[in-house]
Amino acid sequence: MSSSTTTAAAAPAKAAAKSVLNESKQIERAAMLIQMGARMQVLESETTLSYERLIRLYKEIAGKSPSKGQLPFSTDWFLTWQENIHSSLFLNIYEYLSKGVDLDSVELLTKAYRLYNEQVATAEIEPLLSFTRAWRLVKFVDAGMLTRTKCSQCSGQFVTELYENRHFTCGLCNPPARAGKSKTAGALMLH
């Protein structure tokens, strides 16, 4: 009887140790997301930590309270000229990594976002895609609200609405009239 009591007592202790370890991993994940610029809704969705715990962690890491308000829920932002180019770059990196690297969804997202930032920095262009928008883009694609469509001229894959026609031409091959004329530092320029 004492051996079964000992075994029963060991089981809750082992479960408690696992939960402490899991909580530690969740805190580490939340900290990484906060450093990447994730908003509270992303943290709540991608971790199991309580809202109060996330608020305290956010204040500790960011040194300020998190932004208030809802996340953007329109797909329109990803379809405008410059934003589409940035979104397409990110989504192509994300899709490429998802086929070649065995990572969980958050690790895949953060790795793709870091590579996106490296690419725009190399091109000396300001990154337009925030981490939260990148997360939202992946959610829109997963929900079937956006997809990638092949450009009929350059064969690049660009973010489009689901039912884009087969003769799609991207914003780089056929830019809008005012595209690339911005005097803003770090904007895309067409030569």
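Residues numbered from 1 in each chain as written. Predicted model: local features only at pLDDT ≥ 70, side-chain atom pairs only at ≥ 80, totals over all residues. Heavy atoms only, no water.

Caption draft 1: Spotlight on the overall build of the protein. Assigned secondary structure in the protein consists of six helices and two strands. The helix and strand sequence of the protein, counted from the amino end, reads α-α-α-α-α-α-β-β. Looking at the protein residue by residue over its 191 residues, the buried ones come to 35%. For the protein, long-range pairs separated by at least 24 residues make up 54% of all intrachain contacts whose partners lie at least 6 apart in sequence. (Helix = DSSP H or I, 4+ residues; strand = E, 2+ residues; numbered from the N terminus. Buried < 20%, exposed > 50% of the residue type's maximum accessible area, 1.4 Å probe, protein only. Contact = heavy atoms within 4.5 Å.)

Caption draft 2: Quick peek at the packing of helix H4 (residues 81–100) against helix H6 (residues 131–142). Running from N to C, H4 and H6 point in directions that differ by 70°, and their axes come no closer than 11 Å. With respect to H6, the axis of H4 lies roughly perpendicular. In this structure, H4 meets H6 at a crossing whose hand is right-handed. Residues Ser87, Phe90, Leu91, Tyr94 and Glu95 of H4 touch H6, and the partners they reach there are Ala134, Leu137, Val138 and Val141. Split into classes, the residues belonging to the contact of H4 with H6 amount to seven nonpolar, one polar and one charged. (Axes fitted to C-alpha atoms, helices over the stretch in contact; angles between N-to-C directions. Parallel < 35°, antiparallel > 145°, perpendicular 65-115°, else oblique. Left-handed = near helix turned anticlockwise from the far one by under 90°. Nonpolar A, V, L, I, M, F, W, Y, C, P; charged D, E, K, R; others polar.)

Caption draft 3: Region of interest: the packing of helix H5 (residues 105–122) against H6. One can describe the packing of H5 onto H6 by two numbers: an axis separation of 11 Å at closest approach and a directional angle of 125°. By the angle class used here, H5 and H6 are oblique. Between H5 and H6 the crossing geometry is right-handed. Of the residues in H6, those touching H5 at Leu109, Thr110 and Tyr113 are Phe131, Ala134, Trp135 and Val138. Residues of the contact of H5 with H6, tallied by class, amount to six nonpolar, one polar and no charged.

Caption draft 4: The side chain of Arg136, seen in detail. Its place among the elements puts Arg136 in helix H6. In this structure, Arg136 is in contact with Leu71, Pro72, Phe73 and Phe78, ignoring residues within four places of it in sequence.

Caption draft 5: Just the packing of aromatic side chains, in detail. Under the defined criterion, the tally for this structure stands at seven aromatic pairs. Between Phe78 and Phe140, the aromatic rings sit 5.8 Å apart at their centres with planes inclined by 85°, giving edge-to-face as the arrangement. Note that Phe78 is positioned in the loop between helix H3 (51–62) and H4 and Phe140 in helix H6, a separation of 62 residues in sequence. With a relative accessible area of 1%, Phe140 lands in the buried category. Each ring, one from Phe158 and one from Phe168, has its centre 6.4 Å from the other, and the planes form 50°; the classification is tilted. Taken as a pair, Phe158 in strand S2 (residues 157–161) and Phe168 in the segment after S2 lie far apart in primary sequence, 10 residues in all. Of the two residues, Phe158 and Phe168, neither departs from the other in class, the shared state being buried. Feature note: the residues Phe90, Tyr94, Tyr113, Tyr116 and Phe131 constitute an aromatic cluster, connected by ring pairs. Seen from the ring of Trp77, Arg133 lies directly overhead, with NZ or CZ sitting 4.2 Å from the centre. (Phe/Tyr/Trp six-rings, centres within 6.5 Å; stacked < 30°, edge-to-face > 60°. Lys NZ or Arg CZ within 6 Å of the ring centre and 35° of its normal.)

Caption draft 6: Representation of the nonpolar core. Among the nonpolar cores identified, the biggest contains 37 residues, and Leu43, Phe90, Tyr94, Leu109 and Phe131 are the most heavily contacted of them. Among the secondary structure elements, those contributing two or more residues to this core are helix H1 (2–36), helix H2 (40–46), H3, H4, H5 and H6. (Core = buried A, V, L, I, M, F, W, Y, C linked by side-chain atoms within 4.5 Å.)

Caption draft 7: Up close: the environment of Val106. Within the fold, Val106 resides in helix H5. Distance in space between the C-alpha atoms of Val106 and Thr47 is 9.7 Å, their sequence separation being 59 residues.

Caption draft 8: Spotlight on H3. Here H3 spans 16 Å end to end across 12 residues, near enough to the 16 Å set by a 1.5 Å rise per residue. Regarding H3, the residues found buried are Leu54, Ile55, Leu57 and Tyr58. Looking at the residues trailing H3, positive phi occurs at Gly63, about 75°. (Expected span 1.5 Å × (residues − 1).)

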